[in-house]
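Take a look at the letters that make up each chain.
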There are 2 protein chains.
Amino acid sequence: MGKIVTKKNLTRKDVIIEKAAELFKEKGYKASGMRELAEVLGIEAASLYNHIKSKSELLHLICFEVANKYTAVIDEIEHKDISSLKKVEELLRFLINGMINHYQQVYVCDREWKYLEEPYLSNFQAQRRSYRKRIAGIIEQGIQKKEIKSIDAPTAVLIMLHAVSGIESWHRSKQKITAKELEENMISILISGLKK
Amino acid sequence: MGKIVTKKNLTRKDVIIEKAAELFKEKGYKASGMRELAEVLGIEAASLYNHIKSKSELLHLICFEVANKYTAVIDEIEHKDISSLKKVEELLRFLINGMINHYQQVYVCDREWKYLEEPYLSNFQAQRRSYRKRIAGIIEQGIQKKEIKSIDAPTAVLIMLHAVSGIESWHRSKQKITAKELEENMISILISGLKK
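Please read these numbers as outputs of a predicted model, since none were measured by experiment. (Residues numbered from 1 in each chain as written. Chains lettered and ligands numbered in written order. Predicted model: local features only at pLDDT ≥ 70, side-chain atom pairs only at ≥ 80, totals over all residues. Heavy atoms only, no water.)

1. Side note on the overall build of chain A
Move 1: When helices and strands are tallied, chain A shows 10 helices and 0 strands.
Move 2: The order of α-helices and β-strands along chain A, N terminus first, is α-α-α-α-α-α-α-α-α-α.
Move 3: In terms of overall dimensions, chain A has C-alpha extents of about 60 × 40 × 30 Å along its principal axes.
Move 4: Across the 196 residues in chain A, those meeting the buried criterion constitute 50%. (Helix = DSSP H or I, 4+ residues; strand = E, 2+ residues; numbered from the N terminus. Buried < 20%, exposed > 50% of the residue type's maximum accessible area, 1.4 Å probe, protein only.)

Okay, structure coming up:
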């Protein structure tokens, strides 16, 4: 049992969070243990507690890293000087790439957030609701500007977000198309589905 | 504790399966107990075992009822004398209505099938794979006949199936559009997303 091996520009804490996400994805948050995580990292459980206070802190870090990134991106996209349909496309590309490149974190954030402790739980839920409303808002602007067909915006959000989370099956499939092909195919279907 | 109350044309066994699906959906298959199910039904656990051998049999009945229905519908649709795009649309409408009207059963089948026991597990997995391939097959025919744009068919299947399972959020949402509006909105987005 030695030190945590870091790579690229990752700090030890980053490595711990990354491995925790892998573990939570694989076994579920409830069934995962700190001792198990220490084993995966090749360190003593005691050393792990030098970096992280609890399993609950790990879930909090994973979920809020994803949530903060998503909020930053929608902030940026909302203020761009492009059409609403293009905004939806940029957001979709961001979400698709998130599920492709940060699969475990996004997956854990998506499925296990309900185990967050208060006050984080309420805060996370509020962010999640607001995020969906802001996407629906962009779609509604697009409908008003006749770039997007007249549809129910929350239903469009539901389809988009669930289609993106379906990238889970792509990760598990044996004969995969490339990540770029996946992105272009999803954009092609979903964006032309919205276009007026 | 009395007799199981039946309604419409349901047999007692139907009522047991329906309530089991509700319970498995709510608590997860693993965490649900037969005693608990008996309580929900208002009968003694001993009476429950007159109708059903085990919890495992209930999961098997739920999953295969859904799987058999899905297989029957794709059999029927494949042989219809309509365009491939129309076939995809009919299938989508069937799937959407399944998630709207038989939410608990479809949800349990979708999420909890991994707890099936052999030989049912392997059989179910094979049916699931074959089902997805047959949908992809219809889409590929549509691409050849230039009714559907040139896309990766398995990605289109992934988007469709995950969008449909997103109807879960519709059930949970407070301000719902009607089931018919949901169906038409989903069809509008997904079918025009596929059209050439």
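Let us keep going from here.
2. Digging into the environment of Lys176 of chain B
Residue and element names in this part refer to chain B.
Move 1: Checked against the element boundaries, Lys176 lands in the loop between α9 (167-172) and α10 (179-194).
Move 2: Put simply, Lys176 and Ile151 are 25 residues apart on the chain and 32 Å apart in space, counted from C-alpha to C-alpha.
Move 3: With sequence-adjacent residues up to four places away left out, Lys176 is seen in contact with Trp170 and His171.
Move 4: A polar side-chain atom of Lys176 sits 3.1 Å from the main-chain carbonyl oxygen of His171. (Contact = heavy atoms within 4.5 Å. Polar contact = N/O pair within 3.5 Å; in protein donor to acceptor, adjacent residues only side chain to side chain.)

3. Some points on the domain arrangement of chain A
Residue and element names in this part refer to chain A.
Move 1: Segmenting chain A into domains produces domain 1 (12-51) and domain 2 (55-194).
Move 2: Put simply, the middle of domain 1 and the middle of domain 2, counted by C-alpha atoms, are 27 Å apart.
Move 3: Note on domain 1 versus domain 2: buried area summed over both sides is about 1500 Å², and carbon and sulfur give 75% of it.
Move 4: Sorting the residues of domain 1 by area buried against domain 2 places Ile17, Lys25 and Tyr29 first, and these three jointly supply 47% of that buried surface. (Domains from an automatic or database assignment. Buried area = accessible area lost by both parts, 1.4 Å probe.)

4. Digging into the side chain of His162 of chain A
Move 1: Position of His162 of chain A relative to the elements: it lies in helix α8 (residues 153-165).
Move 2: A distance of 3.0 Å separates the side chain of His162 of chain A from the side chain of Ser169 of chain B, its partner in a polar contact.

5. Focus on the interface of chain B and chain A
Move 1: The interface of chain B with chain A comprises 25 residues on the first partner and 25 residues on the second.
Move 2: Between chain B and chain A, a total of about 2100 Å² is buried, with carbon and sulfur atoms accounting for 66% of that surface.
Move 3: Here chain B is connected to chain A by 10 residue pairs in polar contact (both at pLDDT 80 or more).
Move 4: Mapped by element, the contributors of at least two residues to the side of chain B that touches chain A are α8 (153-165), α9 and α10 of chain B.
Move 5: Examining the composition of the side of chain B that touches chain A, we find that 9 residues originate from one element, α10 of chain B, more than from any other.
Move 6: Here the residues of the side of chain B that touches chain A are counted per class, giving 13 nonpolar, 9 polar and 3 charged. (Nonpolar A, V, L, I, M, F, W, Y, C, P; charged D, E, K, R; others polar.)

6. Side note on the state of the cysteines
All names here are of chain A.
Move 1: A complete count under the given rule lists 0 disulfides over all chains for this structure.
Move 2: Cys63 carries a free sulfur, and the closest cysteine sulfur to it, the one in Cys109, is 4.5 Å from it.
Move 3: Relative accessible area serves as the criterion here: at 0%, Cys63 is assigned to the buried category. (Disulfide = S-S within 2.5 Å.)

7. Some remarks on the pattern of salt bridges
All names here are of chain A.
Move 1: Counted by the stated rule, this structure contains 28 salt bridges over all chains.
Move 2: Between Lys80 and Glu90 there is a salt bridge, with the nearest N and O atoms lying 2.6 Å from each other. Separated by 10 residues along the polypeptide, Lys80 in the loop between α4 (55-78) and α5 (84-101) and Glu90 in helix α5 bring together distant segments of the chain.
Move 3: The class for Lys80 is partly exposed, based on a relative accessible area of 30%. (Salt bridge = Lys/Arg side-chain N within 4 Å of Asp/Glu carboxyl O.)

8. A short note on the relation of the copies chain B and chain A
Here two copies of a chain appear, and what relates them is a rotation about an axis with a shift along it.
Move 1: For these two chains of identical sequence, chain B goes onto chain A by a turn of 180° and a shift of 0.0 Å along the axis, with RMSD 0.0 Å. A rotation of that kind, with that shift, is consistent with a two-fold axis. Residue Gly193 of chain B of chain B places its C-alpha closer to the rotation axis than any other residue of that unit, at 1.8 Å.
Move 2: By residue overlap, the copies meet face to face through one surface: 100% of the interface positions of chain B are interface positions in chain A. (Least-squares fit on C-alpha atoms with pLDDT ≥ 70 in both.)

9. A word on the nonpolar core
Move 1: One finds Ile139 of chain A together with Ile139 of chain B to be the most contacted residues of the largest nonpolar core, which totals 146 residues.
Move 2: Apart from residues lying up to four places away in sequence, Ile139 of chain B is in contact with Val88, Ile148, Ile151, Ala153, Ala156, Val157 and Met160 of chain B. (Core = buried A, V, L, I, M, F, W, Y, C linked by side-chain atoms within 4.5 Å.)

10. A short note on the environment of Ile100 of chain A
Residues and elements named next belong to chain A.
Move 1: In this fold, Ile100 is placed in helix α5.
Move 2: Ile100 sits in the buried class, given a relative accessible area of 10%.
Move 3: For the pair formed by Ile100 and Ile139, sequence separation is 39 residues and the distance between their alpha carbons is 24 Å.
Move 4: Those residues in contact with Ile100 that lie beyond four places of it in its chain are Ile167, Trp170, His171, Ala179 and Leu182.

11. Focus on α8 of chain B
All names here are of chain B.
Move 1: Under the 1.5 Å per step criterion, the end-to-end length of α8 is 18 Å for 13 residues, consistent within 8% with the ideal 18 Å.
Move 2: Here α8 lies mainly inside the structure; 12 of its 13 residues are buried.
Move 3: Taken as a whole, α8 has its buried residues at Ala153, Thr155, Ala156, Val157, Leu158, Ile159, Met160, Leu161, His162, Ala163, Val164 and Ser165. (Expected span 1.5 Å × (residues − 1).)

12. A look at the side chain of Asn185 of chain A
Move 1: Tracing the backbone shows Asn185 of chain A in helix α10 (residues 179-194).
Move 2: We classify Asn185 of chain A as buried; its relative accessible area is 12%.
Move 3: Within the structure, the side chain of Asn185 of chain A is placed 2.7 Å from the backbone nitrogen of Asp152 of chain B, a separation counted as a polar contact.
Move 4: Discounting residues that sit within four places of it in the chain, Asn185 of chain A has contacts with Ile177 of chain A together with Ile151, Asp152 and Thr155 of chain B.

13. Some points on the packing of aromatic side chains
Move 1: Counted by the stated rule, this structure contains 16 aromatic pairs over all chains.
Move 2: One aromatic cluster in this structure is built from Phe64, Trp113, Tyr120 and Phe124 of chain A.
Move 3: The side chain of Lys25 of chain B reaches across the aromatic face of Tyr107 of chain B, ending 4.6 Å from its centre. (Phe/Tyr/Trp six-rings, centres within 6.5 Å; stacked < 30°, edge-to-face > 60°. Lys NZ or Arg CZ within 6 Å of the ring centre and 35° of its normal.)

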